[in-house]
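Structural description and commentary
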Amino acid sequence: MRLAILTVLSETRECTFSTLRDELKLTDGNLNRHLRILEQASLLQVVKGYEGRRPTTWLRLTRQGRAALRAEIAALEQLVSRVRDASTAHLDSDTDAP
Amino acid sequence: MDQASKGQATQTLAELERLRRRTRIRAHGGAWLPALGIAVLLLASSALYRHPFAATHSLSVDSPYWAGLPDEQRDPLASYVFWFLCTPLLLAAVGAWYRWRSRSLGLRVAWPLFAGTGLGVLLLLAVLAAVPTQQQQQSDTLNSSPDHFWLAGLLTPLLPIAAAVVALGWAERSRSLTIAGGWIAILTVWLCGWLPMGYLPGWATDLLGGDLTGLVNGTPNSLGGQVGWRPGIWLTLMALPLVTFAAIRGWQSWRAASGG
């Protein structure tokens, strides 16, 4: 879920709390818990302000957050390709066997 | 165990990609309006020229080219007012559009960078154009800084527009918009940097004519030539990528909004 939060934030300069909550279909409490953890890790920044007269919480990905997301996606892609290579090698050895 | 991890990783990657794409379309779906606005501004500037499309035998060109391109303008003051009034107005309208979108969608785009670049480069143009130039009397002709003609030729309101489009491309994370801005800049530098407008050096004429011997030897066979198009055609060419982008992005945005 935290990867999903970082992914949404990576595609925009800032995103409101409510938009992110609706997009990921989370409850306020659940999203808050994830955000607190990500904020403590300096992966995102929380900016409180007003949109007209309505109080709004804006969320912004930090540079570390962007780098962390990139690293995590690269690790997932690496895992997929490693398992694919391993299964291809396994299939080859099965075919070569007499 | 490994196959299960692979399946889970593949599923996560696919889900993230779907989320990324959906957010991108929503967040950057509003780029069609500034692109269309700039295209309209470029096309509307055709009206600043005395003969925007019709061929003419004699021309009187004043520098700086307040109309945009080095061609005979109807009234330099009207050209000046057009760019220095309409550009900030357009940027203000685009700012209002992005503010409205961020309120209704809850997603913000780095549009102040676009507006800041457009206004900043326009201001820089005004400052550079106001720098006093040394004038030289040569026989009966008065030349303004003939040694710096090339640089003086770049004092045109089309360059702030090109810079703004490049900045818009960065803000909207759109390579197409960045290329469209580069296209406007390249055409502007070429058309305004050398006279007559549309001038082709010898090597370029050889290249277009398929005669590569001059290019290989380093001595062009041709003396050069000129693309004899009028400002209206060049402005249409500049605006074309923006209009195409606006049409495609507008359609994508509309389709996403209607749940397609």
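Notes on the structure follow. (Residues numbered from 1 in each chain as written. Chains lettered and ligands numbered in written order. Predicted model: local features only at pLDDT ≥ 70, side-chain atom pairs only at ≥ 80, totals over all residues.)

What follows is about the overall build of chain A. A count of helical and extended segments in chain A gives 4 helices and 3 strands. Out of the 98 residues in chain A, the part that is buried amounts to 20%. Considering only residue pairs separated by 6 or more positions, chain A has 48% of its internal contacts joining residues 24 or more positions apart. (Helix = DSSP H or I, 4+ residues; strand = E, 2+ residues; numbered from the N terminus. Buried ≥ 20, exposed ≤ 12 C-beta atoms within 10 Å, placed from the backbone. Contact = placed C-beta atoms within 7 Å.)

In this section: the overall build of chain B. A count of helices and strands for chain B gives 10 helices and 5 strands. Within chain B, the fraction of its 260 residues that count as buried is 32%. Sequence separation of at least 24 residues holds for 68% of the intrachain contacts in chain B that already meet a minimum separation of 6.

For Lys25 of chain A, which is not glycine, the phi dihedral falls at a positive 55°. Mapped onto the elements, Lys25 of chain A comes out in the loop between helix H2 (17–24) and helix H3 (28–40). For Arg173 of chain B, which is not glycine, the phi torsion reads 50° and is therefore positive. Look at Arg173 of chain B and you get partly exposed, because 16 C-beta atoms sit within 10 Å.

Moving on: the sheet that holds strand E1 (residues 107–108) of chain B. The strands that make up a sheet pair up through hydrogen bonds in the backbone, lying either parallel or antiparallel. Pairing is antiparallel across the open sheet formed by 4 strands, whose spatial order is E2(A)-E3(A)-E1(A)-E1(B). Either end of the sheet is taken by a strand with one partner, and the two such strands are strand E2 (44–51) of chain A together with E1 of chain B. One ladder, built from 2 bridges, connects strand E1 (residues 14–16) of chain A with E1 of chain B; its direction is antiparallel. The residue bridging Glu14 of chain A from the neighbouring strand is Arg108 of chain B, located in E1 of chain B. Along the sheet, helix H1 (residues 2–10) of chain A contacts E1, E2 and strand E3 (54–61) of chain A; its crossing angle with E3 of chain A, the most-contacted strand, is approximately 95°. With respect to the sheet, H2 of chain A is in contact with E1 and E3 of chain A together with E1 of chain B, its orientation differing from that of E1 of chain A by roughly 75°. (Pairing = 2+ DSSP bridges. Axes fitted to C-alpha atoms, helices over the stretch in contact; angles between N-to-C directions.)

As a further point, take the interface of chain B and chain A. Facing the 21 residues of chain B at the interface are 21 residues of chain A. Looking at the side of chain B that touches chain A element by element, the count peaks at 14 residues for helix H1 (residues 2–27) of chain B. Split by residue class, the side of chain B that touches chain A holds 9 nonpolar, 6 polar and 6 charged. (Nonpolar A, V, L, I, M, F, W, Y, C, P; charged D, E, K, R; others polar.)

Residues and elements named next belong to chain B. In this structure, Ala35 and Val165 are the most contacted members of the largest nonpolar core, which totals 64 residues. At 11 residues, the largest contribution of residues to this core is made by helix H6 (residues 158–171). When near neighbours in sequence (up to four residues on either side) are disregarded, Val165 contacts Ile38, Leu177, Ala180, Gly181 and Ile184. (Core = buried A, V, L, I, M, F, W, Y, C linked by C-beta atoms within 7 Å.)

This next bit is on H3 of chain A. With 13 residues, H3 of chain A ought to run about 18 Å at 1.5 Å a step, and its terminal C-alpha atoms sit 18 Å apart, in line with that. With its phi angle positive at about 60°, Ser42 of chain A sits one or two positions after the end of H3 of chain A. (Expected span 1.5 Å × (residues − 1).)

As a further point, take H6 of chain B. Over its 14 residues, H6 of chain B extends 20 Å from the first C-alpha to the last, a length consistent with the 20 Å expected when each residue adds 1.5 Å. The positive-phi residue at the C-terminal boundary of H6 of chain B is Arg173 of chain B, with phi of around 50°.

Moving on, we get to the environment of Thr117 of chain B. Residues and elements named next belong to chain B. Along the polypeptide, Thr117 turns up in helix H4 (residues 111–129). For the pair Thr117 and Pro160, spaced 43 residues apart in sequence, the C-alpha separation works out to 7.6 Å. Excluding its chain neighbours within four sequence positions, the residues that come into contact with Thr117 are Ala163, Ala164 and Ala167.

All names here are of chain B. Their axes nearest at 8 Å, the elements helix H2 (residues 32–44) and helix H10 (residues 231–257) cross at an angle of 155°. By the criterion of interaxial angle, the relationship of H2 to H10 is roughly antiparallel. For the pair H2 and H10, the sense of crossing is left-handed. On H10, the residues touching Trp32, Ala35, Leu36, Ile38, Ala39, Leu42 and Leu43 of H2 are Leu235, Thr236, Met238, Ala239, Leu242, Val243, Phe245, Ala246, Arg249, Gly250 and Ser253. Its residues placed into classes, the contact of H2 with H10 shows 14 nonpolar, 3 polar and 1 charged. (Parallel < 35°, antiparallel > 145°, perpendicular 65-115°, else oblique. Left-handed = near helix turned anticlockwise from the far one by under 90°.)

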